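Structure assessment
Chain by chain, the residues run as shown.
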Amino acid sequence: MSDLADLYQQVILDHNRRPRNRGRLPTANRVAHGDNPTCGDQCSVYLQLDGDRISGITFDGSGCAISQASASLMTVQLKGKTAAEAENLFGVFHEIVTTGKEPEEISDIGAFAGVHAFPARIKCATLGWHAALNALKGDPVPATTETYKD
Amino acid sequence: MPSWPNFRADFPVLHQQVNGKPLVYLDNGATTQKPRRVIDALVRYYERDNSNVHRGLHALSMRATDGYEGARARIARFINAADPAEIIFTRGTTESINLVARSWGHAHLKPGDVVLTTEMEHHSNLVPWQQAAKASGATLKYVPVLGADAEGGLDLAALDALLTPAVKLFAFTHISNTLGAINPATELCRRARAVGAVTVIDAAQSIGHAPLDVQALGCDFLAFSGHKMCGPTGIGVLYGRRALLDQLAPDETGGGMVVSVTYEGATWKPAPERFEAGTPNVADAIALGAACDYLDALGRDQIAAHDAALSGLAMEKLSTLPGIRIIGPRVGTPRSGLVSFAFEGVHAHDIVTFADEDGVALRGGHHCNQPLMRKLGLTSTTRASFYLYNTPEEIDTLVASLRRILKFFAG
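Before going further, it helps to spend a moment on the overall build of chain A. Assigned secondary structure in chain A consists of five helices and four strands. N-terminal to C-terminal, the α/β element order of chain A is α-α-β-β-β-α-α-α-β. Counting the 150 residues in chain A, one finds 50% classified as buried. Contacts spanning at least 24 positions in sequence make up 59% of the contacts within chain A whose residues lie at least 6 apart. For chain A, the accessible surface area stands at approximately 6,600 Å², while carbon and sulfur atoms represent 50% of it.

Attention now goes to the sheet that holds strand β7 (residues 167–173) of chain B. All names here are of chain B. Ordered in space as β4-β10-β9-β8-β7-β5-β6, the seven strands form an open sheet in which the pairing is mixed. Of all the strands in the sheet, just β4 (87–90) and β6 (139–143) have a single pairing partner and so form its edges. Taking each pair of neighbouring strands and ignoring which way they run, the sheet shows an average axis angle of 20°. As judged from the five bridges shared by strand β9 (residues 221–225) and strand β10 (residues 236–240), these two strands associate in the antiparallel manner. Across the sheet, Ser225 pairs through a bridge with Gly236, a residue of β10.

On to the domain arrangement of chain B. All names here are of chain B. Partitioning chain B into structural domains gives domain 1 (8–26 + 299–410) and domain 2 (39–296). One C-alpha centre belongs to domain 1, the other to domain 2, and the line joining them spans 28 Å. The interface of domain 1 with domain 2 comprises 34 residues on the first partner and 34 residues on the second. With both sides pooled, the region where domain 1 packs onto domain 2 buries about 2,700 Å², and carbon together with sulfur makes up 53% of that total. When the area that domain 1 buries against domain 2 is broken down by residue, the three leading residues are Arg300, Leu372 and Tyr387, summing to 25%. Linking Arg300 and Asp296 is a salt bridge whose minimum nitrogen-to-oxygen distance equals 2.9 Å. One can count 20 residue pairs in polar contact (both at pLDDT 80 or more) joining domain 1 with domain 2. Counting only elements with at least two residues in the side of domain 1 that touches domain 2, the list comes to α10 (300–318), β13 (324–327), β14 (338–343) and α12 (370–375). Of the residues that constitute the side of domain 1 that touches domain 2, the class distribution is 17 nonpolar, eight polar and nine charged.

What follows concerns empty space enclosed by the protein. Empty space among the atoms becomes apparent when a probe as large as a water molecule is rolled across them. All names here are of chain B. On inspection of all chains with the given rule, the structure shows one cavity of 30 Å³ or more. Each pocket or cavity is described by its volume, and for the largest cavity that value is around 50 Å³. Looking at the largest cavity, the residues that line it are Val53, His54, Arg55, Gly256, Glu273, Glu276, Gly278 and Pro280. Across the lining of the largest cavity, the residue classes break down as two nonpolar, three polar and three charged.

The subject of this paragraph is the interface of chain A and chain B. Across the boundary between the two partners, chain A contributes 19 residues, which contact 16 residues of chain B. Between chain A and chain B, roughly 1,400 Å² of surface is buried when both sides are summed, and carbon and sulfur atoms account for 57% of that area. Counting every contact that joins chain A to chain B gives one salt bridge. Asp350 of chain B is the salt-bridge partner of Arg121 of chain A, the closest N and O atoms lying 2.9 Å from each other. Put simply, chain A and chain B have six residue pairs in polar contact (both at pLDDT 80 or more) between them. Counting residues per element, the ones that place at least two in the side of chain A that touches chain B are α1 (2–7), α2 (10–17) and α3 (65–78) of chain A. For the side of chain A that touches chain B, the element with the most residues is α2 of chain A, which contributes three residues. Here the residues of the side of chain A that touches chain B are counted per class, giving eleven nonpolar, five polar and three charged.

Moving on to the pairing of β14 of chain B. All names here are of chain B. Among the six residues that make up β14, six are buried, leaving the element largely enclosed by the rest of the structure. Here β14 shows two buried faces, one formed by Leu338, Ser340 and Ala342 and the other by Val339, Phe341 and Phe343. Here four bridges tie β14 to strand β17 (residues 381–385), and the two strands are oriented antiparallel to one another. Bridging from a neighbouring strand, Leu338 pairs with Ser385 of β17.

The volume enclosed by the largest pocket comes to roughly 530 Å³. If you go around the largest pocket, you meet 22 residues; those closest to its centre are Phe343, Glu344, Gly345, Val346 and His347 of chain B. Looking at the lining of the largest pocket, the elements that each hand over two or more residues are β3 (53–62) and α3 of chain A together with β14 and α11 (348–357) of chain B. Residues belonging to the lining of the largest pocket are distributed by class as follows: eight nonpolar, ten polar and four charged. The volume enclosed by the second largest pocket comes to roughly 360 Å³.

Attention now goes to the nonpolar core. In terms of nonpolar packing, the biggest core is built from 77 residues, with Ile79, Ile201, Leu222, Phe224, Met229, Leu295 and Leu388 of chain B touching the most fellow members. If one sorts the elements of this core by residue count, helix α9 (residues 282–298) of chain B sits on top with twelve residues. If you count residues domain by domain, this core takes at least three from each of domain 1 (8–26 + 299–410) and domain 2 (39–296) of chain B. Residue contacts for Met229 of chain B: discarding those within four places in its chain leaves Thr32, Phe78, Ile207, Gly208, Phe224, Leu288, Ala291, Cys292, Leu295 and Tyr387 of chain B. Ranked by size, the runner-up nonpolar core spans 73 residues in total, among them Ile57 of chain A together with Leu321, Phe341 and Phe409 of chain B.

With that settled, consider the confidence of the model for chain B. In regions of low pLDDT, the predicted coordinates are not meant to be interpreted in detail. Summary statistics for chain B give a mean pLDDT of 95 and a share of 99% for residues scoring 70 or more. We note a pTM of 0.93 for the whole complex and an ipTM of 0.83 for its interfaces.

Per the stated rule, a full pass over the model turns up 24 salt bridges over all chains. Salt-bridge contacts for Asp14 of chain A lead to Arg20 of chain A; the nearest nitrogen and oxygen are separated by 2.6 Å. Overall, Asp14 of chain A belongs to the partly exposed group, its relative accessible area being 23%. The closest approach of N and O atoms between Arg72 of chain B and Glu276 of chain B, which form a salt bridge, is 2.9 Å. Placement of the pair is Arg72 of chain B in helix α2 (residues 59–78) and Glu276 of chain B in the loop between β12 (266–268) and α9, with a sequence separation of 204 residues. Each member of the pair Arg72 of chain B and Glu276 of chain B is classed as buried. Salt bridges here are not isolated pairs; linked through shared partners, they connect Arg74, Asp293, Asp296 and Arg300 of chain B.

Procedures and definitions
- Residues numbered from 1 in each chain as written.
- Chains lettered and ligands numbered in written order.
- Predicted model: local features only at pLDDT ≥ 70, side-chain atom pairs only at ≥ 80, totals over all residues.
- Heavy atoms only, no water.
- Helix = DSSP H or I, 4+ residues; strand = E, 2+ residues; numbered from the N terminus.
- Buried < 20%, exposed > 50% of the residue type's maximum accessible area, 1.4 Å probe, protein only.
- Contact = heavy atoms within 4.5 Å.
- Areas by Shrake-Rupley, 256 points an atom, 1.4 Å probe, with all protein chains shown as cover.
- Pairing = 2+ DSSP bridges.
- Axes fitted to C-alpha atoms, helices over the stretch in contact; angles between N-to-C directions.
- Domains from an automatic or database assignment.
- Buried area = accessible area lost by both parts, 1.4 Å probe.
- Salt bridge = Lys/Arg side-chain N within 4 Å of Asp/Glu carboxyl O.
- Polar contact = N/O pair within 3.5 Å; in protein donor to acceptor, adjacent residues only side chain to side chain.
- Nonpolar A, V, L, I, M, F, W, Y, C, P; charged D, E, K, R; others polar.
- 1 Å grid on protein atoms, 1.4 Å probe; cavity = no way out; pocket = protein on both sides within 12 Å on 5 of 7 lines; lining within 4 Å.
- Points joined across faces, edges and corners; volume = space filled by probe spheres on them.
- Core = buried A, V, L, I, M, F, W, Y, C linked by side-chain atoms within 4.5 Å.
- pLDDT = per-residue confidence, 0-100.

In structure tokens form, the structure reads like this:
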């Protein structure tokens, strides 16, 4: 049970039960869709990009607690960030979910460290982030986890 | 539960702990475990008889050939095919259906024709027909699944309107891998034949779970996988009526399937060799024959009764869980040995991860049934699928595990 308790931390359960920034964003000027064909999880990310800065961000979709909580927490973390800051943060997040190492300065996304013990779930945790990065790049191609090296 | 001997001792893999708990293997819809007899057949072949078939004149090659052709005859008997030549070895259900879709589809489909399938098909009996329709200009139509209150069954009332003389082929599943619904295959074949349509049955979920007789079903083609009936992975069968097979061009060409070859061209052997280019999967075919022996020694009637008793018991116990939505035929309607279900607010993948912690192996997801999931308003379900070695106690373990999961997510 210890690995599972690590995986489903309180922060994750909370974001799964009460997702933040869920739904379409009427003012969005960027949107990208992510698919995980292995399990059918889906995630759309809506961005309002003012210059280089994310002034609004929401997500929509369906999937497991890990994917939904990750997308929810991501919207909280990315609001107000620049595109470069968002990419950096994804690098940090990716490191956390693949190695389990928690950086001290960033609190909430550290909750996803437990994912690293469940390799099959890493793609769940990164689905929303891949969609967000695609939206930032203005990439019209839907994100799919199959093309990422997680 | 009717009494049924415990066959767990025959299956080495079942005797292990997963995450510190005894393995409760309830993912038989995906693949079944292998009895010692099948594993021994594989080992024996590689230790004593391994050789190439049909071409060698030495002792080992003759033994391998006898084993391979003996397996073909055994499988013909297993499904009551009229002739062993009607058994084509493939990699599995998917390759079998693709073979029909390409070879038969290429020869017979043209613009204006209709290929009919159903809304409950696994992607393996859906995408090949989409491709065949695209390649030929034929139209693909679907027999609807009754939704909402009568989740699971085919809408047979809609079938007459769909089964017009334009329908050249009707492909349908015997048992739905997601719903557990058992389709009236004999009636479907009869109605299809009345309009002159060729029938293809996807028997992936029914093979090895109940007696199966292709002549009584009246089908033209039938596809299944060895690994879902206690056999090895990588071997499957396409049954085809001899008269149809001999009219078809091969899908793959090469060694073993030709009568004579010149620099200008080649002529084909009759079925089954025509459809088995290259060195076949001898070892797995022989082990599949051993799986037929094993299942018939137990009795497929009894296996079917055991499966149905377990799924009935599972339906009864699962229905006591708060907020559960059980997919598929209602109580009192025929159901195979599987139960799919969903909970509001707890995703199937989270359930499967938690159940694994209790040693319970389940399947969660769309079950290669994305269009059906959409139709039922679901993104995923959790599926428990039973087989001859499962016990009522394992259903209690499943239900206890689910209770713990629901409590955890209810917070």
